[in-house]
Amino acid sequence: MSRLMPVMRRYGIAVVTVALFCFLAATTDGFWSQANFRNVLDQQSALLIAASFATITMIAGGFDLSVASVYVVAPLFALQVESATGNVPLAVLVGVAVGLSVGLANGIVVTVMKVNSFIATLATSFMVFGAGFLISDRSVLRTSTDAYPAIARTRFWGLTTATWIAFAVVVVAWVLLSRTRFGRHVYAVGGNAEAARLAGVPVARVQTIAFGLAGAAAGLAGVVSSSRALSALPSDDFSFVFGVIAAVVVGGTSIAGGEGAVWRTVAGAFFIALMVNGFNLHQVDPIWQRVIQGGVILGAVAIDSWTQRRPQ
Amino acid sequence: MLGVHPPDKGGLFLDGSPLQLSGPAEAAAHGLVGVAQELSLLPAMSVVDNIVLGSEERAGLFVNDRANRRRVESLIDRHGLSVPLDARVGSLSVADQQKVEILRALGRQSRLVVFDEPTARLASHEAVELRRTVRELADQGVAVVYVSHFLHEVLSVADSISIMRDGQIVRTGSAHQETHDSLVEAMTGRSIGDVFPPKSPPPDEDTPVVIRVEELSKDDQFHDVSFCIRAGEIVGLAGLVGAGRSEVAHAVYGAIRPRAGVVEMAGTRLSGSVQRGLANGISLIPESRRHQGLVAGRSVRDNITLPHLRRFAGRLGMRVKQEHAAAGEACREAGVRAESLSLPVNALSGGNQQKVLFARAMMGEPRLFIADEPTRGVDVGSKRAIYDVLNQLARSGCAILLVSSELEEVVKLSHRVLVMSQGRVVAEFAGDDMTEANILGAAFDAGGGPRRVFQSTPGERA
């Protein structure tokens, strides 16, 4: 047990996710099929894209609620550009740029004006949601080219491009966080901002960049999602960011900052996705699914804080 | 004893019967309370509310503020510790906060009070007052455990002394039979002469000046601070808590942007940025290891290389192997004892954590080394190792600015001492004038007049 504890503490979420996978494979009809796996991966793509960079923001000590608003609004900008110019790469670029600018604005508000990041991004969320209604004239926007749907719906080796994009973004975030100077700075800033400052880390710049990247990733996630759905509609729906935060937190990244990893978020996302998949295959009432999902998130966070309190 | 850490083996006995504690609350119910080194107060609440917290007088469902206030007033009268009752605790000085913490412990009908380094953050006259209170408590029949690394305190306040080393009690005996030197010997396992190394050779007139500070000022923190340090010279910066020593150190390092004045290294003016300071070979050991120094939870290696990552940055991300080797090398130089560089830094002992900061600083190949309270919260054995490192640095031609509240440390290591009071450098001592009495005298004498320079030839005494 004493040898098992540290392993469980570090890799607990991965172990649990694999266990859930094996359990579903053994007990559930229809789970073990290529079509089902493909579907799960495709459905998770947007969430993974946004969550991998939201992880970096959270490790840097920030909390970004505006991910949901960017996810909703960036594709509206992209689709407007597409219908105006017919230029799909430009449309994607604009969608990502919208996210990047919202993120950088968040970062500046948080670091320069010292507004708590939860409040700051809540406020910018409302502004961005509002901009979405303005740019779309409160109506559903549909794609007008063949190229835009192809962004997410093309197939390579059986998997959709949405899945491949998500894979690429996860790898980029992972490498950025674990193998670069920026990544080290992110951990230091989130773990102890004053110590980081005295060690010469440009704290404000690191946090601003982290917010900017999270915004850009959320923009890309929105574009991919609208490409899958062939349309985008303005709303003020915060639910996407809750999914993102759930994945990050269930993975074991600390809300207090300074600790966490991109692989954790991937594991957390798949844990939740497999759970939902299992429920659906067993035809569990979606209302009950929510109740259980909430309980699981609560449990994950409770276990995390319990293990952190145990002596080394 | 206070129920914070459950023991693996052995037990506690209260009035002869065994006692099992599930936590601090149960300990408090038995009259066992502690005054911690790290404050555990609620900064947003008033002094009264903090003191009565958890044992409020009630009238029915509601808190009886008047009764609470009376209780606190009588407590203050009895012990002579005065603090403004209605102030928000967060707005008080650290010393006053410490008093609140002590009053809280005293207000609980305690039978045993554990003081854990209670004076570490107090100015010396306040420490005297506190020791008087502790004595009074003992005379009233309360058992007191007084944990301190200030040996003169222990000697003056205690009836019997237990000496610990490496988690074991070396011996317990009457305080009358102990002296300062006998305590140090028992704590370190070596004789007193070994605590401080011999001084490194002082620089002479021809030695180049490494850093020149001229009329550095910052609003309420320090005014017209000027000094220079030569290569290989150790300059002590002494003064009372709040005299502005750390602020000056930070301004020289670049972490505080001064309002006026010049910091110049080898003809280059530095301009209030940590990155500039680091690039010019300034290293800082900050005062608070936990808040300003280490990133807890990150590995020893990450903590050491944090300011130096640029040199390990390759085109394809960090060159981790090279980084690991360099961190290992720095650990050897600074004498860090760690099983592995991948351990989280907070798994190390206080002394080793401090050495991690030294390893980090030395990796920058500093030309100016600023050590702010380098031995705070460090065991006596590690102190010697840290002094050796400082001396070694000086011998190799590094200029050193040593900020310390431990006068003995300043006197035994420095070639020259600057004394600060109320944000100004009020005196400078060298040679035989560099005594604890002189330094203290200058630190308390806050006349603010022109700076007195004492430079004496050997044999003269002030």
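About the cut-offs
- Residues numbered from 1 in each chain as written.
- Chains lettered and ligands numbered in written order.
- Predicted model: local features only at pLDDT ≥ 70, side-chain atom pairs only at ≥ 80, totals over all residues.
- Heavy atoms only, no water.
- Contact = heavy atoms within 4.5 Å.
- Buried area = accessible area lost by both parts, 1.4 Å probe.
- Salt bridge = Lys/Arg side-chain N within 4 Å of Asp/Glu carboxyl O.
- Polar contact = N/O pair within 3.5 Å; in protein donor to acceptor, adjacent residues only side chain to side chain.
- Helix = DSSP H or I, 4+ residues; strand = E, 2+ residues; numbered from the N terminus.
- Pairing = 2+ DSSP bridges.
- Axes fitted to C-alpha atoms, helices over the stretch in contact; angles between N-to-C directions.
- Buried < 20%, exposed > 50% of the residue type's maximum accessible area, 1.4 Å probe, protein only.
- pLDDT = per-residue confidence, 0-100.
- Expected span 1.5 Å × (residues − 1).

(A) Layout of the interface of chain B and chain A. Counting from both sides, the interface comprises 29 residues of chain B and, opposite them, 20 residues of chain A. Here chain B meets chain A over a buried area of about 2000 Å², counting both sides, of which 56% is carbon and sulfur. Linking chain B with chain A are 2 salt bridges. In this structure, R184 of chain A and E323 of chain B form a salt bridge, with 2.6 Å as the shortest nitrogen-oxygen distance. For the interface between chain B and chain A, the tally reads 9 residue pairs in polar contact (both at pLDDT 80 or more). When contributions to the side of chain B that touches chain A are tallied by element, the ones reaching two or more residues are α8 (245–253), α9 (274–279), α10 (289–293), α11 (300–305), β17 (317–318) and α12 (320–334) of chain B.

(B) Focus on the sheet that holds strand β13 (residues 260–265) of chain B. Residues and elements named next belong to chain B. The 4 strands are arranged β11-β10-β13-β14 in an open sheet whose pairing can be described as antiparallel. Each edge of the open sheet is held by one strand with a lone partner, namely β11 (222–230) and β14 (268–270). Direction aside, neighbouring strands of the sheet carry axes that sit 20° apart on average. Sheet topology places strand β10 (residues 209–218) next to β13; 5 bridges connect them, and they run antiparallel. Residue pairing for β13: E214 is matched across the bridge by V262. Its contacts with the sheet place α8 against β10, β11 and β13, and it is angled at close to 65° to β11.

(C) Representation of the environment of G62 of chain A in the model. Residues and elements named next belong to chain A. As for its position among the elements, G62 is in the loop between α2 (34–59) and α3 (67–85). Using a relative accessible area of 6% as the deciding quantity, one classes G62 as buried. Separated by 56 residues in the primary sequence, G62 and F118 place their C-alpha atoms 7.7 Å from one another. Each residue touching G62, except ones within four places of it in the same chain, is listed here: T57, S117 and F211.

(D) Spotlight on the confidence of the model for chain B. On average, residues of chain B score 81 in pLDDT, and 92% of them are at 70 or above. Note that pLDDT drops below 50 for residues 452–462 of chain B; the model gives that stretch 23 contacts with residues more than four away or on any other chain.

(E) Looking closely at helix α12 (residues 262–281) of chain A. Residue and element names in this part refer to chain A. With 20 residues, α12 extends 28 Å from end C-alpha to end C-alpha; this agrees with the ideal 28 Å at 1.5 Å per step. Counting buried residues along α12, 15 of its 20 residues qualify, which places the element largely inside the surrounding structure. Of the residues flanking the end of α12, it is Q283, one or two places downstream, whose phi is positive at about 55°.

(F) Molecular detail of the environment of V296 of chain A. Residue and element names in this part refer to chain A. The topology assignment puts V296 in helix α13 (residues 286–309). In sequence terms V296 and V96 are 200 residues apart; their C-alpha atoms lie 33 Å from each other. In contact with V296, other than residues within four places in its own chain, are F271 and M275.

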